[in-house]
Amino acid sequence: MNLSEVRTRYAPSPTGDPHVGNIRTAIFAWAMARANNGKFLLRLEDTDQARLVPSSVDAIYESLRWLGIDWDEGPDIGGPHGPYVQSQRLEMYQAAASNLMAKGAAYRCFCTAERLDAMRAAQAAAKQAPGYDGRCRAIPAAESAARARSEPFTVRFRMKTAGQTVLHDIIRGDVAFENALQDDFVALKSDGFPTYHLALIIDDTDMRISHAIRGEEWISSAPKHLQVYEALGLQPTAFAHLPLIVGPDRKKLSKRSGDTALLDYARGGYLPDAMLNFLVLLGWSLDDKTTIISREQLLQHFSLERVVPNPALFDLEKLHYLNGQYIRDIPEADWLDLVATWADRTLPPTVARPLDRALLARAAPLLKERIPTLAAIGPALQFFFGDSAPAYPRELLWEKTGGGPETAKAVLAEAIAALDGIGAASWHADEVQTAIRGLEGPLGSKLRKFVSALYVAIEGSPTGLPLFDSIAILGRERTLARLQAALALV
RNA sequence: GGCGCGUUCGUCUAGUGGCCUAGGACGCCGCCCUUUCAAGGCGGAGAUCAGGGGUUCGACUCCCCUACGCGCUACCA
């Protein structure tokens, strides 16, 4: 074992689907390990039996895999320091708690939840700082042991009452906490499960973690952790408290504040690489001008020194931009597959399956530069399917032509006449284009002026995929039928 | 209330005493390209570096105070 090896971990508690803030922490920890030729591990912190959501374990794996984050040790693949699930390590925590008690660094607390609640209520009423009052701090060992045989109890850690505990944070520098202000926390619950504060130390030590990388919300409890390390005679890990990701309300992003589950973005048609790039930019930068950062660059250049301390706002606009960039970067062959699977996924069930692969292949290139997310593929393609164009109000036919119904009528009639002259064998985008451009003369109007009527007749909307290609793909019969239908509508 | 963290264009950020009349990106605006919509190209507006004191020849950068925001304050993580 190389003592200086960088070993980081992502240790989520399976209490819900991982949200983006949480995953960003995973990304940084992973990147830190990879950038230093270290190891990245996954550990499940399932010590809160009440809040456990079994399905979230799968969501955790799925989230990580979707983003392409790999781990070297974990619950599913094992490793030399397992098990990697806290509920399977209970004896270790209990042993540590006993050890702490033997050293006088912890004690049994027999206070009931009711008494604790009442105590806090009283403190609040008296405008005092809330905190454990130390009632069980001085119970003699013999009495404590005796009561333990018949009463439920927790094990509280005895915090120092004087001096300071100083955290050396990689991102924030030294942070000092007054010991007198800290109160004794529960390390082992009455159900025999440890709290995070105890489990963290045991596991990080046992798993040889070098850097504890976590959200800023943990910084206040750092003195607890530092003191436990000291009481146990253990060398603490290095600490890096990442800035929070906040929502539009500037408050910590959480399950409550909107759709923040990472997998919602996977389902919403975002590319994992785009999401990774976006998340990485929240709190970290490669240099002074790089926005598009590849996975390789990240894994090679990531460093905690370039993480900023201030909270970042989750900005969908930038995500959209990045997603577009990555979409345009997809090789043609892969793009067709993506279009096929997302068309199938996002086209309404009324469209017959299997989808026409040849049609998809012709439409795919048209899509690439104009959709913000993969989920937009179905809606953009929908007009290709079915006998008629998607329903639209008749006013749309002339709204953007600058004229009225007569204008639309003329455009449609001329277009029908011109396109009708193209035989089925030469029904290609070029011929279609020539025919429609040829309308400028008879109509006495510029193409860009009257073309919206045709977009509406064919696609059901004045904006959409390029008209000439769309008409070519749609085919002669259906095109003419749609133009006729539009003419009848006017 | 207490403790802690934070504060550079609307947003994400660059910046570690002189390179800053503060750079990049998103968004916004305009022009170009153009069959619509996009994409792309070019350009523009946008930050008295939260405010106030210091230190220094010189501060966005160092120190202090204030304000504001957020986090924590559970037998949750």
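Residues numbered from 1 in each chain as written. Chains lettered and ligands numbered in written order. Predicted model: local features only at pLDDT ≥ 70, side-chain atom pairs only at ≥ 80, totals over all residues. Heavy atoms only, no water.

Which residues make up the overall build of chain A, and what values do they have?
Helix and strand counts for chain A come out as 21 helices and 11 strands. The C-alpha atoms of chain A give a radius of gyration of 32 Å, which is well past the 23 Å a tight globule of 490 residues would have. Looking at chain A as a whole, 49% of its 490 residues qualify as buried. Here the contacts in chain A between residues at least 6 apart in sequence split such that 75% fall between residues at least 24 apart. Split by element, the accessible area of chain A, about 22400 Å² in all, is 53% carbon and sulfur. When the 53 basic and 58 acidic side-chain charges of chain A are each reduced to a single mean position, those positions are 5 Å apart. (Helix = DSSP H or I, 4+ residues; strand = E, 2+ residues; numbered from the N terminus. Rg over C-alpha atoms; globule rule 2.2 N^0.38 Å. Buried < 20%, exposed > 50% of the residue type's maximum accessible area, 1.4 Å probe, protein only. Contact = heavy atoms within 4.5 Å. Areas by Shrake-Rupley, 256 points an atom, 1.4 Å probe, with all protein chains shown as cover. Lys, Arg positive; Asp, Glu negative; His and termini not counted. Charge placed at Lys NZ, Arg CZ, Asp CG, Glu CD.)

Would you mind going over the layout of surface pockets in detail, with residue names and values included?
By volume, the largest pocket is sized at about 1100 Å³. Considering the residues around the largest pocket, the lining is formed by 40 residues, among which Ser13, Asn22, Arg51, Glu217 and Trp218 are closest to the centre. Breaking the lining of the largest pocket down by element, the ones donating at least two residues are strand E1 (7-10), helix H1 (20-35) and strand E8 (211-215). A per-element tally of the lining of the largest pocket places H1 first, with 4 residues. Broken down by class, the residue content of the lining of the largest pocket amounts to 14 nonpolar, 12 polar and 14 charged. (1 Å grid on protein atoms, 1.4 Å probe; cavity = no way out; pocket = protein on both sides within 12 Å on 5 of 7 lines; lining within 4 Å. Points joined across faces, edges and corners; volume = space filled by probe spheres on them. Nonpolar A, V, L, I, M, F, W, Y, C, P; charged D, E, K, R; others polar.)

Run through the sheet that holds strand E7 (residues 186-188), naming residues and quoting values.
Taken in spatial order, the 3 strands make up an open sheet running E3-E4-E7, and their pairing is antiparallel. The sheet is open, and its two edges are formed by strand E3 (106-109) and E7, each paired on a single side. Pairs of neighbouring strands in the sheet enclose a mean axial angle of 45°, with direction left out of account. (Pairing = 2+ DSSP bridges. Axes fitted to C-alpha atoms, helices over the stretch in contact; angles between N-to-C directions.)

Explain the nonpolar core to me, and be specific about the residues and the numbers.
Core analysis: the biggest nonpolar cluster contains 62 residues, and Trp335, Ile377, Leu381, Phe384, Leu397, Ile436 and Leu483 have the highest contact counts within it. Per-element tally for this core: the top contributor is helix H19 (residues 447-459), with 9 residues. By size, the runner-up hydrophobic cluster in this structure holds 48 residues, among which are Ile60, Leu64, Ala240 and Phe278. (Core = buried A, V, L, I, M, F, W, Y, C linked by side-chain atoms within 4.5 Å.)

Mind laying out the pattern of salt bridges, listing which residues take part and the relevant values?
Summed over the entire model, instances satisfying the criterion amount to 27 salt bridges. A salt bridge links Asp273 to Arg295, with the nearest nitrogen and oxygen atoms 2.7 Å apart. Taken together, the residues Asp273 in helix H9 (residues 272-280) and Arg295 in helix H10 (residues 295-301) connect sequence positions 22 residues apart. The class for Asp273 is partly exposed, based on a relative accessible area of 35%. In this structure, Asp288 and Lys289 form a salt bridge, with 3.9 Å as the shortest nitrogen-oxygen distance. For Lys289, a relative accessible area of 67% corresponds to the exposed category. (Salt bridge = Lys/Arg side-chain N within 4 Å of Asp/Glu carboxyl O.)

Could you give an account of the packing of aromatic side chains, naming the residues involved and the relevant values?
A ring pair, where both rings are aromatic, is described by two values, the distance of the centres and the angle of the planes. The tally for this structure, following the rule as stated, stands at 10 aromatic pairs. A centroid spacing of 5.3 Å and a plane angle of 35° characterise the contact between Trp284 and Phe302, whose relative ring orientation is tilted. Here Trp284, found in the loop between H9 and H10, pairs with Phe302, found in the loop between H10 and strand E11 (312-313); they are 18 residues apart in sequence, far enough to count as distant. Accessibility assignment for this pair places Trp284 and Phe302 in one class, buried. Among the aromatic residues, those joined into a cluster by ring pairs are Tyr265, Tyr270, Phe278 and Phe314. The side chain of Arg24 reaches across the aromatic face of Phe28, ending 5.0 Å from its centre. Cation over ring: Arg156 sits above Tyr132, and NZ or CZ is 3.6 Å from the ring centre. (Phe/Tyr/Trp six-rings, centres within 6.5 Å; stacked < 30°, edge-to-face > 60°. Lys NZ or Arg CZ within 6 Å of the ring centre and 35° of its normal.)

So what about unusual backbone geometry? Which residues, and what values?
The residue after Gly82, namely Pro83, is reached through a cis peptide bond having omega 0°. Secondary-structure assignment places Pro83 in the loop between helix H2 (55-67) and helix H3 (90-102). Following Arg353, the chain continues to Pro354 via a peptide bond in cis, the omega torsion being -5°. Looking at the element boundaries, Pro354 is found in the loop between helix H12 (332-346) and helix H13 (357-368). In this structure, Asn37 takes a positive phi of about 55° despite not being glycine. Structurally, the position occupied by Asn37 is in the loop between H1 and strand E2 (39-42). Taking the relative accessible area as the measure of exposure, Asn37 reaches 69% and is therefore exposed.

Please give an account of the protein's contact with RNA strand B that cites residues and values.
Neighbouring RNA strand B are 66 residues, the closest being Asp48, Arg172, Arg370, Arg437 and Tyr455. Within 4 Å of the protein, the contacting atoms of RNA strand B are 72% sugar and phosphate, with bases supplying the remainder. One nitrogen or oxygen atom from the side chain of Ser220 is found 3.4 Å from a base nitrogen belonging to RNA strand B. Ser285 places a polar side-chain atom, nitrogen or oxygen, 3.4 Å from a phosphate oxygen of RNA strand B. Of all the secondary-structure elements, those providing two or more residues to the surface near RNA strand B are helix H4 (113-125), strand E4 (154-157), strand E6 (173-178), E11, helix H11 (316-328), H19 and helix H20 (467-474). Tallying contributions element by element places H11 first for the surface near RNA strand B, with 5 residues. In terms of residue class, the surface near RNA strand B is built from 30 nonpolar, 13 polar and 23 charged. (Near = heavy atom within 4 Å. Polar contact = N/O pair within 3.5 Å; in protein donor to acceptor, adjacent residues only side chain to side chain.)

Break down the side chain of Asp203 for me, citing the residues and quoting the values.
By the element assignment, Asp203 lies in helix H6 (residues 196-206). Sequence-distant contacts of Asp203, that is, excluding residues within four places in its chain, are made with Arg43, Gln86, Arg89 and Tyr93.

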